[in-house]
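Structural overview for review
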Amino acid sequence: MLAEISALLAPIAAAIGYSSYKARQFEHAYPNIGELTDIGGYSLNAVHVPRPDTADLPPLVFIHGASGNLLDQTGAFREPLEGRAEMLFVDRPGHGYSERGGPENALPSGQADAIAKLMEKRGIEKAVIIGHSFGGAIAAAFGVHHPDKTAGLLFLAPASHPWPGGIDWYYHVATTPLVGWLFNHAVVVPLGLQRLERGTLNVFHPNPRPLDYVAKTGPSLVLRPRAFYNNASDFKRLHEYLTANAPHYSEISAPTVIITGDKDEIVWEHLHSRGLARDIKGAELIMVRGVGHKPDYLATDVAIAAMEKIAGKARDLAAIARKAEERLAGSSINQTVGTVPPSIVYSAP
C-alpha cells in the first residue's frame, strides 16, 4: 500500500519541485525593476518616473491587463514618453511583484483603490489613468470612485462590460480548493510554457508581434502559482462585477478617449469600447482599422496623441489613426505574425 501511494505521489512531488524551480528561474530572468511601497498593510510594486523639468503632460498612471505585469506597459510607453511626464507603471495587486492585499483586491474597484493609495504615497495628486484590456475595468472603476484624482481616462482595448458566455476552464480549476492548489503548483508551469509562444502571438493577432516582446515583458511571471491563482480569481469575479458596476460609468466626467482595433478577437470592441463610448458622456472613440488587441504597441503614436488631447492640446485623433493604419499596412520588419488560437496564458479579457 505504501509503495502504491509513493508511486502516486512521486510524480506529483516532482512536478511541484519542477514548477518551484522554474518560478525561481522566471524571477531571475525578469527581476523586479520597480519599488515596493507600503500602502497600508501590504505593498504595491511600481516603476515611478519623477516629473522632469521638460514635462508638457500631466502625470500618467499605467495599468496592465490580465496575465501581465508592469513590464508590458513600460515597454510600450516609457521610452517614447521620456522627458514629457511623471509616470507610474503599476503591478496590479497580486501581479508581477505586488502583494495581493485583502479580498477586495480581487475586484477592479479594490485594485483602483489600491492604485489611488499608491498615488498618494508617491505624491501624485491627479493623473491621466491609462488602462489596457483588464486594466480598462480598473481605469473605469478609478474614474467612478476617484474623480478628484482623475485628470483623464485613456482606455486601450478595454474590458469594461459583461459579455455573453463564461471564462476558460483553467480559471475555474485554478480557484477550486485543494485541486486548484495542485493545479497551480504542478500543472500550470509545464502547460503554460508549452503555450506561451502561442499565447503571446494570439494577443497580437492578426498583427505581427515584436520579436523582442517576450524577452522584454516577462509573460512567464504569471505562471508562478500565486500569480496564476490571483489572475484566475480576478477573472472569476469580473463578469459579476461588471454587470453590477457598468451602469455607473455614466457618473464619469473626466475627459475620456477609447482606442481599439476592429480586429480584436480577445475583447470585443463592439461590446466594450462602444459601450464605454455610449456610457461616458463626451468620450471619444478611435477605431484603428486592422489592429487586434494591442493598440498600446501597434498604435502607440495614437495613444500618446490621445494623452496630449486629454491634456488640452489640439489633436485630430481620427487623422492620426488613419496615418497609423497606413504605417501598419506597410511595415512588418523585425516582427513575427500571430495566427494562432487562444492559450492558457492570454485570453479574454
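Here the structure is shown first, and the text comes after it.
As the structure is a computational prediction, the values presented were derived from the model and not from experiment.

1. Observations regarding helix H4 (residues 134-145)
Here H4 is twelve residues long and its end C-alpha atoms lie 17 Å apart, about the 16 Å a rise of 1.5 Å per residue gives. Summarising burial for H4: eleven of the twelve residues are buried, a large majority. The inward-facing, buried residues of H4 contact strand E3 (60-63), helix H3 (108-121), strand E5 (127-132), strand E6 (150-156) and helix H8 (225-245).

2. A closer look at the sheet that holds strand E9 (residues 284-288)
Across the sheet, which stays open at both edges, the eight strands sit in the order E1-E2-E4-E3-E5-E6-E8-E9 with mixed pairing between neighbours. Two strands lie at the open edges of the sheet, namely strand E1 (35-38) and E9, each paired on one side alone. Across the sheet, the mean angle separating the axes of adjacent strands is 25° when strand polarity is ignored. Bridge count between E3 and E5: four bridges; the pairing is parallel. Following the sheet pairing, Phe62 is matched in E5 by Ile130. Contacting E3, E5 and E6, H4 crosses the sheet at an angle of about 150° to E5.

3. Notes on the side chain of His146
By secondary structure assignment, the location of His146 is in the loop between H4 and E6. At 2.7 Å, the side chain of His146 forms a polar contact with the side chain of Asp113. Apart from the residues within four sequence positions on either side, His146 is in contact with Ala112, Asp113, Ala116 and Ala141.

4. Looking at unusual backbone geometry
Look at the link from His205 to Pro206: it is a cis peptide, with omega at 5°. For Pro206, the position within the fold is in the loop between helix H6 (179-204) and strand E7 (208-210). Of note, the phi angle at Ser67 is positive, near 65°, even though the residue is not glycine. For Ser67, the location among the structural elements is in the loop between E3 and helix H2 (70-81). You will see that Ala157, though not glycine, has its phi angle at about 45°, which is positive.

5. Here's the deal with the pattern of salt bridges
Inspection of every chain in the model, using the stated rule, returns 20 salt bridges. Salt-bridge contacts for Glu27 lead to Arg224; the nearest nitrogen and oxygen are separated by 2.8 Å. Within this pair, whereas Glu27 is found in helix H1 (residues 2-29), its partner Arg224 is found in the loop between helix H7 (213-217) and H8, the two being separated by 197 residues in sequence. Classification of Glu27 as partly exposed rests on a relative accessible area of 33%. Close ionic contact of Asp212 with Lys216 constitutes a salt bridge, the shortest N to O distance being 3.0 Å. Judged by its relative accessible area of 34%, Asp212 falls in the partly exposed class.

6. Comments concerning empty space enclosed by the protein
Over the atoms, a rolling probe the size of a water molecule traces out where space has been left empty. For the structure shown, the criterion picks out three cavities of 30 Å³ or more. Volume-wise, the second largest cavity comes out at about 60 Å³. Here the lining of the second largest cavity is built from residues that sort into seven nonpolar, four polar and one charged.

Conventions used here
Residues numbered from 1 in each chain as written. Predicted model: local features only at pLDDT ≥ 70, side-chain atom pairs only at ≥ 80, totals over all residues. Heavy atoms only, no water. Helix = DSSP H or I, 4+ residues; strand = E, 2+ residues; numbered from the N terminus. Expected span 1.5 Å × (residues − 1). Buried < 20%, exposed > 50% of the residue type's maximum accessible area, 1.4 Å probe, protein only. Contact = heavy atoms within 4.5 Å. Pairing = 2+ DSSP bridges. Axes fitted to C-alpha atoms, helices over the stretch in contact; angles between N-to-C directions. Polar contact = N/O pair within 3.5 Å; in protein donor to acceptor, adjacent residues only side chain to side chain. Salt bridge = Lys/Arg side-chain N within 4 Å of Asp/Glu carboxyl O. 1 Å grid on protein atoms, 1.4 Å probe; cavity = no way out; pocket = protein on both sides within 12 Å on 5 of 7 lines; lining within 4 Å. Points joined across faces, edges and corners; volume = space filled by probe spheres on them. Nonpolar A, V, L, I, M, F, W, Y, C, P; charged D, E, K, R; others polar.

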